[in-house]
Amino acid sequence: MKCLLTLLLLLAPLAASAAAPAALYQQHCQSCHGAERMGAMAPALLSQSLERLKPAEVLRTIRDGRTATQMAGFAGTLSDADISALAAWLGTPPATPPLWREADTAASRIQYHDPASLPATPQFATGIDPRNLFVVVEAGDHHVTVLDGDRFTPLTRFQSRFALHGGPKFSPDGRFVYFASRDGWVSQYDLYTLQTVAEIRVGLNTRNLAVSDDGRWVLAGNTLPQTLVLLDANGLKPVKTYAVQDRSGKPSRVSAVYDAAPRQSFIVALKDAAELWEISYNPKAAPIYPGYVHDYQMGEGLALPGYQNPRITPLDMVLDDFFFDDSYRHVMAASRDGHAQVINLDSRSKVAELPLDGMPHLGSGITFQQGGHHYMATPNLNSGRVTVIDMDRWQVAANIATPGPGFFLRSHDNTPYAWVDAMMSPQRDTLSIIDKRSFKVVRQLTLRPGKTNAHVEFTHDGRYALVSIMETPGELVVVDATTFREVAALPMMKPIGKYNVFNKVTRSSGTSH
Ligand code: DHE
C-alpha cells in the first residue's frame, strides 16, 4: 500500500505537467493555429506538419517568433519550462487522429474570381512573353515572384500559402499555375491577370499535385489523411476523393502524383504499399486494359478499370521515387533503401533491375539523347555522383563524381550541359556542370561562396540558367549558359525552385514535369 501511495505521489506532478501543454496550446496558439492543431490563419502544428523541423527550431520559434510573420515570440509570456513542454507536445501525434473529410475539403474552397469572368488575354504590358515567365517560390517568407524571363524583372510578388512544396504545375496553355502547400492547400493562380482564382484545402498534409494534359483535372496526393483528391482544374471544385489503401485494406500515404501525358493518366506512387496506381483521365479508357481486374483479383467493387478509377500494378517492394521515359511506357522506380527497377506500365510488370545504390533522386532526373541513345541522369541524395542510365539497355552508362550529394539536376534541349548541385554536403555552394556528350564535369561554379547554390532552371531558349542562392535573405542569380558568367542577380527570400512556363508546358527534357 505504501508503495502504491509513493508511486501515485511521484506520478502526480507528471500528470499535471502532461496536461499543461494542451491547455497552453488552447490559450495561446489555437486562435491562429486552429482547433486540434489543424491550422487556420497560421499553419497546422500536427506532428506530421512539423517533422521537417528540428526540435530546437520548434523551441526557438515558440520562444522568439518568426520574423516577417504574425508569429510573435512567447519568451516574455511563457516560462522556459512551459515552452519546452509545449514544443515536446507539438512533436507528438494527437491522441485522437485528426480527421479531414470530403465535407471539410468542400467547405474550405474559396473562389476569389469566377473563372468564366477572366479576360482572354494577358493583362500585363505587351512585349512581355507570357510563355517565358518564371514562377519563383520563395520559401524564406512564403511568397511567389512572377518574373519576366526576357528582362529578369519581377511582374509581381505575392504571399503564398505556408510552405509550398514540389513543383508548381501549369495548365497546358501555360495560363494557370497550381501550387500545393505542405498543409494541404491547393491554389489556382492566373498568370494572365496575376491573381489567385481559387483555393481549396484537400488534406492536412499534402505531397504534391499533378495537372492533366487536357487541362481539365488536378490530382493532389496526401499523407494525412491517406487520400487522393481529384479537382476540376478550372475553379478547383472537388470531384472525387479516393481512399488510398492496398489490396488488404491497409491505408497508405501517397508519395507523389505524376501526369503521364502520353497515356492520358495520372500515376500515383505510394509510400506504404507495394503497388503502383494509374488513374486514367481518358473518357475512352475502359476498354484499354479489360483483363486487369481479373488479373489482379481486386474484386470488381474495389477497383474498376477505366476512366477515373485506379488500376493497380502490384510491385515486389515499396517503390516511391519515380522517373518516366519520354513515352511514359516505362517507369524507373527506387525504394528508400537503394533498390531500383524498371516497370513497364503496359505489361504491368518489372522488366529490369537497375544497379543504383545510395539514394538516387529519380524525381529530379533529366533525359537526353546522345549518339543515338536515350539516357536519363539522376543525382544521388547520399553520395556525390550523378548516374547516367542508358534507357535503351537499362544499364548504367556512367557514374560522374561530384563534390557531394546533390538534390537537383537540370538541363535544356539547347545546351550540351547539365547542372547539378551538392546541396546535401559541406560543398553546398558548388555547382558542377556536366557535359552531356562526354559525361565529364567540365566546370565547377561557386556563385556565392559558403551559401547554398542549388536548383537551376533555364530560360525558354536555354541561353541563361537561373540559380537559387537558397538563403534568407538569398538571391536569384542569372548566369550565361555558354560562358558561365553571371549577368544579373535579384534579391529573394530563400528562392527554392523556379519554373519556366515554356519549358514546363513543352515538357523540355531537361526539367521536371
Ligand atoms: Fe521535395 C519536388 C519529395 C524535401 C524542395 N519533392 C519534390 C517532389 C517530391 C518531393 C515527390 C516532386 C513533386 C512534384 O513534381 O510535384 N522532397 C521530397 C521528399 O520526400 C523530401 C526528401 C522530404 C520531405 O520532407 O518531403 C523532400 N524538397 C525537400 C526539401 O527539403 C526541399 C529542398 C525544400 C523544401 O521546400 O522542402 C525540397 N522538392 C523541392 C522542390 C521541388 C521538389 C523545389 C520541385 C523541383 C522541381 O524543379 O520540379
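Here the structure is a predicted model, which is why all the values come from computation and not from measurement. (Residues numbered from 1 in each chain as written. Predicted model: local features only at pLDDT ≥ 70, side-chain atom pairs only at ≥ 80, totals over all residues.)

## Describing the overall build of the chain
In step 1: Along its length, the chain carries seven helices and 33 strands.
In step 2: For the chain, the C-alpha atoms occupy an extent of roughly 85 × 60 × 55 Å along the three principal directions.
In step 3: Counting the 513 residues in the chain, one finds 44% classified as buried.
In step 4: For the chain, long-range pairs separated by at least 24 residues make up 46% of all intrachain contacts whose partners lie at least 6 apart in sequence. (Helix = DSSP H or I, 4+ residues; strand = E, 2+ residues; numbered from the N terminus. Buried ≥ 20, exposed ≤ 12 C-beta atoms within 10 Å, placed from the backbone. Contact = placed C-beta atoms within 7 Å.)

## What to know about the site of the ligand
In step 1: In the region of the ligand, 14 residues are neighbours, and Gly166, Gly167, Asn208, Gly497 and Ser512 sit closest.
In step 2: Taken together, the elements giving at least two residues each to the shell around the ligand come down to β9 (205–211) and β33 (495–500). (Near = placed C-beta within 6 Å.)

## Let's talk about the environment of Gly39
In step 1: Structurally, Gly39 can be placed in the loop between α1 (2–33) and α2 (47–50).
In step 2: Along the sequence, Gly39 and Leu204 sit 165 residues apart, while their C-alpha atoms lie 8.4 Å from each other.
In step 3: Leaving out residues up to four positions away in the same chain, Gly39 has contacts with His33, Gly34, Ala44 and Asp183.

## Quick notes on the domain arrangement of the chain
In step 1: If you check the domain split of the chain, you get domain 1 (2–90) and domain 2 (357–513).
In step 2: A C-alpha centroid distance of 40 Å is found between domain 1 and domain 2. (Domains from an automatic or database assignment.)

## Let's talk about the nonpolar core
In step 1: Counting residues in each nonpolar core, the largest one holds 110 residues, and the members touching the most others are Val186, Val218 and Leu219.
In step 2: Discounting chain neighbours no more than four positions away, the residues touching Leu219 are Leu209, Ala210, Leu228, Leu230, Val257, Phe266 and Ile279.
In step 3: Of all hydrophobic cores here, the second largest spans 13 residues; its members include Leu45, Leu86, Ala87 and Leu224. (Core = buried A, V, L, I, M, F, W, Y, C linked by C-beta atoms within 7 Å.)

## Considering the pairing of strand β12 (residues 238–243)
In step 1: Relative to β12, strand β11 (residues 227–232) runs antiparallel, the two being bridged by five bridges. Pairing of Thr227 across the sheet is with Ala243, part of β12.
In step 2: Hairpin connection, β11 to β12: the antiparallel pair is bridged by five residues, and Gly235 has positive phi, about 115 degrees. (Pairing = 2+ DSSP bridges.)

## Considering the sheet that holds β11
Think of a sheet as strands paired side by side through backbone hydrogen bonds, with each pair either parallel or antiparallel.
In step 1: Taken together, the four strands give an open sheet; going across it, the order is β9-β10-β11-β12, and neighbouring strands pair in antiparallel fashion. Every interior strand has two partners, whereas the edge strands, β9 and β12, have only one. Averaged over all pairs of adjacent strands, the angle between their axes in this sheet comes to 20 degrees, without regard to strand direction.
In step 2: Pairing of strand β10 (residues 217–224) with β11 involves five bridges; the strand directions are antiparallel. Residue pairing across strands places Ala220 opposite Val229, the latter belonging to β11. (Axes fitted to C-alpha atoms, helices over the stretch in contact; angles between N-to-C directions.)

## Considerations on the sheet that holds strand β14 (residues 265–270)
In step 1: Within the open sheet, the four strands sit side by side as β13-β14-β15-β16. Their pairing is antiparallel. The open sheet has two edge strands, β13 (254–260) and β16 (310–314), and neither has a second partner. With strand direction ignored, the average angle separating the axes of adjacent strands in the sheet is 20 degrees.
In step 2: Sheet topology places β13 next to β14; six bridges connect them, and they run antiparallel. Bridge pairing in β14 places Val257 opposite Val268.

## Focus: helix α4 (residues 80–90)
In step 1: Within α4, the full set of buried residues consists of Ile83, Leu86, Ala87 and Leu90. Projected down its long axis, α4 carries its buried residues within an arc of 100 degrees, all on one side. (Arc of directions from axis to C-beta.)

## Section: the packing of helix α3 (residues 55–64) against α4
In step 1: Where α3 meets α4, the closest approach of the two axes is 9 Å, and the angle between their N-to-C directions is 130 degrees. When the interaxial angle is binned, α3 and α4 end up oblique. As for the relative orientation of α3 and α4, their crossing is right-handed in sense. Within the contact between the two elements, α3 uses Pro55, Val58, Leu59, Ile62 and Arg63 and α4 uses Ile83, Ser84, Leu86, Ala87 and Leu90.
In step 2: Of the residues belonging to the contact of α3 with α4, the class tally is eight nonpolar, one polar and one charged. (Parallel < 35°, antiparallel > 145°, perpendicular 65-115°, else oblique. Left-handed = near helix turned anticlockwise from the far one by under 90°. Nonpolar A, V, L, I, M, F, W, Y, C, P; charged D, E, K, R; others polar.)

## A word on the pairing of β9
Each regular strand shows side chains that alternate between the opposite faces of the sheet.
In step 1: For β9, the buried fraction is high: seven of the seven residues fall into the buried class.
In step 2: Count of turn residues in the β9/β10 antiparallel hairpin: five residues, of which Gly215 carries a positive phi of about 75 degrees.

## Some details on unusual backbone geometry
In step 1: In this model, Leu224 is joined to Pro225 through a cis peptide bond whose omega is -10 degrees.
In step 2: Along the chain, the position of Pro225 falls in the loop between β10 and β11.
In step 3: A positive phi angle, near 55 degrees, is found at His142, a position not held by glycine.
In step 4: Relative to the assigned elements, His142 resides in the loop between β2 (133–138) and β3 (143–148).
In step 5: Of the residues examined, His142 has 19 C-beta atoms within 10 Å and is grouped as partly exposed.

## Focus: the environment of Gln264
In step 1: Relative to the assigned elements, Gln264 resides in the loop between β13 and β14.
In step 2: If near-sequence neighbours (up to four positions away) are discounted, Gln264 is found in contact with Asp213, Ser280, Tyr281 and Asn282.

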